[in-house]
Amino acid sequence: MVSGSTTGDDGSKPAGTQTSAEPETAAGAAALGSAWPLWEVFVRSSRGLSHVHAGSLHAPDAQMAVRNARDLYTRRNEGVSLWVVPASAIVASDPDAKGQFFESPQGKDYRHATYYTKSEGVKHL
Amino acid sequence: MSLHTDASPGLQAVPAEAESVPDGAQAHFEQLLAEDSRIEPRDWMPEAYRKTLVRQISQHAHSEIIGMQPEANWITRAPSLKRKSILMAKVQDEAGHGLYLYSAAETLGTPREKMTEDLIAGKARYSSIFNYPTLSWADMGAIGWLVDGAAICNQVPLCRASYGPYGRAMVRVCKEESFHQRQGFEILLELANGTGAQRGMAQDAINRWYAPSLMMFGPPDDDSPNSKQSMAWNIKRFSNDELRSRFVGMIVEQVKVLGLTLPDDSIRFNEDKQQWEHGPLDWNEFKEVLAGRGPCNAQRLARRREAHEDGAWVREAAAAYAAKQAAAQKTEVA
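Note that the structure is predicted; figures quoted are calculated from it, not measured.

1. Examining helix H7 (residues 164-192) of chain B
Residue and element names in this part refer to chain B.
And step 1. Helix length check: H7, at 29 residues, gives a terminal C-alpha distance of 42 Å against a target of 42 Å (1.5 Å per residue), a fit within 8%.
And step 2. The largest bend in H7 is about 25°, located at Glu176.
And step 3. For H7, a buried count of 21 out of 29 residues is recorded, marking the element as mostly surrounded by other parts of the structure.

What follows is the structure, encoded as structure tokens:
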């Protein structure tokens, strides 16, 4: 499967929700005896392509996360390689600040080839 | 420890008590909807939108999980090794679909355990269709063709639902559902071309699953109070009746290939409305089943609860093992 990620792209908690006592590590989860940590899954669909976010799952440790990811996201030969990353390890840009954060390329059309029109018709350029 | 308290402050989730809507947030939300763009987990969204999604997505996930039962019922009795393998793959897919959807619901801030608890406590709803019994092997065919067929009709437009994680989960679900529908149709086709008894079995299964599958689209439009809001939010793209009519139009043709019939003499195409029409459905039955008084409600929930409780030691053992490994690693490093 090339694209179509399932869950939150950045693995982060949604806005407007309370972050309750959430274990940071598998060990922490075991100590609490309840929730397994969340892992984000990335699948390389074939050689030559990069790993693409496919979704997420819960697992007690990294090894189980990889196994569960295989069973959950590659039941139909969707992948030749898997990455699992603890959701807590992902650092994301702030969605509320995306205006300023991604401002730099704005108005810099000259960074695109299409900005240069006078050479139109010139071959192999 | 929360997931993100260690990251830069800008990443922290906004506490729930922040009832005051950030400046321009509502306008931005509405603008995204107007552009038919997508809402992502960290975007501000109205509480009612979040609640509607959590309810819809978790109910959908529960349906997939409960939906494993009526079919698992036939794995040991499937007529050949190939049919057993196919049925196991299908039941495995239902589990997968449930997990994709639970993940999507979790991005809205509802923990997985909460959803599981609500289901086994009987507080959460799931599709009424899975409270009907699977009486014969032909039911595996009828479920694939009619139940999964109706599900596909319902779910394809959900791939464009305004909430990003839900739409993406549905893309994955829909890709896999088409195998479910085709394998079901083939089971019926084989029976329809078999002995008289096999033909009769196929027809009987269609007769029993036809009406419940039409009711899967939900109550008629004039009795579906939430539909309007869901459509305004771009969660739902078509009304219940529109989708139902579309589905009737498909199966009325498909049943001819089987050489069998639908148990409904009133099916016709309404030229004025450009819509397929069907006979009356028993909405009282629908409400009864939803309210927990269907033929298999108690059995399905009991089975689910039992599976959850029986699995407790596995979850505990895996967590204990993970803790031990992590501790060992720590000492090694130190």
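Text resumes after the structure shown.
2. Observations regarding the sheet that holds strand E3 (residues 81-86) of chain A
Residues and elements named next belong to chain A.
And step 1. As summarised here, the arrangement of the three strands in space is E2-E1-E3, forming an open sheet in which the pairing is antiparallel. Of all strands in the sheet, those bounded by a partner on one side alone are strand E2 (52-58) and E3. Between one strand axis and the next, the sheet turns through 30° on average, direction left out of account.
And step 2. Here strand E1 (residues 38-44) pairs with E3 via six bridges, running antiparallel. In the sheet register, Val43 faces E3, and the bridge partner there is Leu82.

3. Quick word on the packing of helix H8 (residues 196-215) of chain B against helix H10 (residues 240-258) of chain B
How two helices sit against one another is set out by the angle between their axes and by the gap between those axes.
Residue and element names in this part refer to chain B.
And step 1. The interhelical angle for the contact between H8 and H10, taken along N-to-C directions, is 175°, at an axis separation of 12 Å. Taken together, the axes of H8 and H10 are roughly antiparallel relative to one another. Seen from H8, the contacting residues are Arg199, Ile206, Tyr210, Ser213, Leu214 and Met215; seen from H10, they are Arg244, Phe247, Val248, Ile251 and Leu258.
And step 2. Residue composition of the contact of H8 with H10, by class: eight nonpolar, one polar and two charged.

4. With respect to a nonpolar patch on the surface
Residue and element names in this part refer to chain A.
And step 1. A cluster of nonpolar residues, Tyr110, Tyr115 and Tyr116, forms a patch on the protein surface that exposes about 360 Å² of accessible area.
And step 2. Within the fold, Tyr110 resides in the segment after helix H3 (98-101).
And step 3. Taking the relative accessible area as the measure of exposure, Tyr110 reaches 42% and is therefore partly exposed.

5. Observations concerning the side chain of B:Arg112
And step 1. Positionally, B:Arg112 belongs in helix H5 (residues 112-120).
And step 2. Among residues more than four places away in sequence, those in contact with B:Arg112 are A:His58, B:Leu99, B:Tyr102, B:Ser103 and B:Glu106.

6. Description of the pattern of salt bridges
And step 1. Counted by the stated rule, this structure contains 25 salt bridges over all chains.
And step 2. One salt bridge connects B:Asp93 with A:Arg76, and the closest N-O pair in it is separated by 2.4 Å. Residue B:Asp93 is located in helix H4 (residues 81-106), and its partner A:Arg76 is located in the loop between helix H2 (62-73) and E3; the two belong to separate chains.
And step 3. For A:Arg76, a relative accessible area of 33% translates into the label partly exposed.
And step 4. The residue B:Arg237 makes a salt bridge to B:Asp36 at a minimum N-O spacing of 2.8 Å.

7. Structural notes on unusual backbone geometry
Residues and elements named next belong to chain B.
And step 1. Within the chain, Asp36 stands out as a residue other than glycine whose phi angle is a positive 55°.
And step 2. Relative to the elements of secondary structure, Asp36 occurs in the loop between helix H1 (25-34) and helix H2 (47-66).
And step 3. The backbone of Asn234 shows a phi angle near 60°, a positive value even though the residue is not glycine.
And step 4. In this structure, Asn234 sits in the loop between helix H9 (227-232) and H10.

8. Regarding the confidence of the model for chain A
And step 1. Per-residue pLDDT for chain A has a mean of 77; in total, 72% of the residues score no lower than 70.
And step 2. Confidence drops under pLDDT 50 across residues 1-33 of chain A; counting only partners more than four residues distant or on other chains, this segment forms 112 contacts.

9. Observations concerning the confidence of the model for chain B
All names here are of chain B.
And step 1. Here chain B averages 92 in pLDDT, while 94% of its residues score no lower than 70.
And step 2. When the elements of chain B are averaged for pLDDT, helix H13 (residues 312-333) gives the smallest value, 91, and H8 the largest, 98.
And step 3. With pLDDT under 50 throughout, residues 1-15 is counted as low confidence; its partners more than four residues away or in other chains account for 39 contacts.

10. A closer look at the pairing of E1(A)
Residue and element names in this part refer to chain A.
And step 1. Buried residues dominate E1, accounting for five of its seven residues.
And step 2. Examined bridge by bridge, E1 and E2 share six bridges and lie antiparallel to one another. When the sheet's bridge partners are listed, Phe42 is paired in E2 with His53.

11. Topic: H1(B)
All names here are of chain B.
And step 1. Taken together, the buried positions of H1 are occupied by Ala25, Phe29, Leu32 and Leu33. Taken around the axis of H1, the buried residues stretch over an arc of 100°, which confines them to a single face.
And step 2. Against H2 and H9 lie the buried residues of H1.
And step 3. Just past H1, the residue Asp36 takes up positive phi, approximately 55°.

Calculation criteria
All residue numbers refer to positions counted from 1 along the written sequence of the respective chain. Here every chain gets a letter starting at A, and every ligand a number starting at 1, in the order they are written. Predicted model: local features are reported for residues with pLDDT of at least 70 only, side-chain atom pairs are reported and counted for 80 or more only, and whole-chain, interface and lining totals are derived from all residues. Hydrogens and water molecules were not included; the side-chain quantities draw on all heavy atoms of the structure. Numbering of helices and strands runs from the N terminus, with a helix taken as a DSSP run of H or I at least four residues long and a strand as a DSSP run of E at least two residues long. One fewer than the residue count of a helix, multiplied by 1.5 Å, yields its expected span. At any given residue, the bend is defined as the angle formed between two axes, one fitted to the seven residues that end at that position and one fitted to the seven that begin there. Only protein chains enter the accessibility calculation, which uses a 1.4 Å probe; a residue whose area is less than 20% of its type maximum is buried, one above 50% is exposed, and one in between is partly exposed. One requirement defines pairing of two strands: DSSP has to find at least two bridges between them. Axes, fitted as lines to C-alpha atoms, cover a helix only where it is in contact. Angles between the N-to-C directions of the axes lie from 0 to 180 degrees. Roughly parallel means an angle under 35 degrees; roughly antiparallel, over 145; roughly perpendicular, 65 to 115; everything else is oblique. By definition in these notes, contact holds between two residues if any of their heavy atoms fall within 4.5 Å. Side-chain classes are defined by residue name, with Ala, Val, Leu, Ile, Met, Phe, Trp, Tyr, Cys and Pro counting as nonpolar, Asp, Glu, Lys and Arg as charged, and the others, Gly among them, as polar. Patch rule: a residue counts if its relative accessible area is over 30% and it has no salt bridge; like charges are joined within 9 Å, and nonpolar side chains (Val, Leu, Ile, Met, Phe, Trp, Tyr) within 5 Å. Working definition of accessibility: Shrake-Rupley area with a 1.4 Å probe, residue cover restricted to the visible protein chains. The working definition used for a salt bridge is a side-chain nitrogen of Lys or Arg within 4 Å of a carboxyl oxygen of Asp or Glu. The predictor's confidence in any single residue is recorded as pLDDT, a number from 0 to 100. The arc under discussion is defined with respect to the helix axis, by the directions toward the C-beta atoms.

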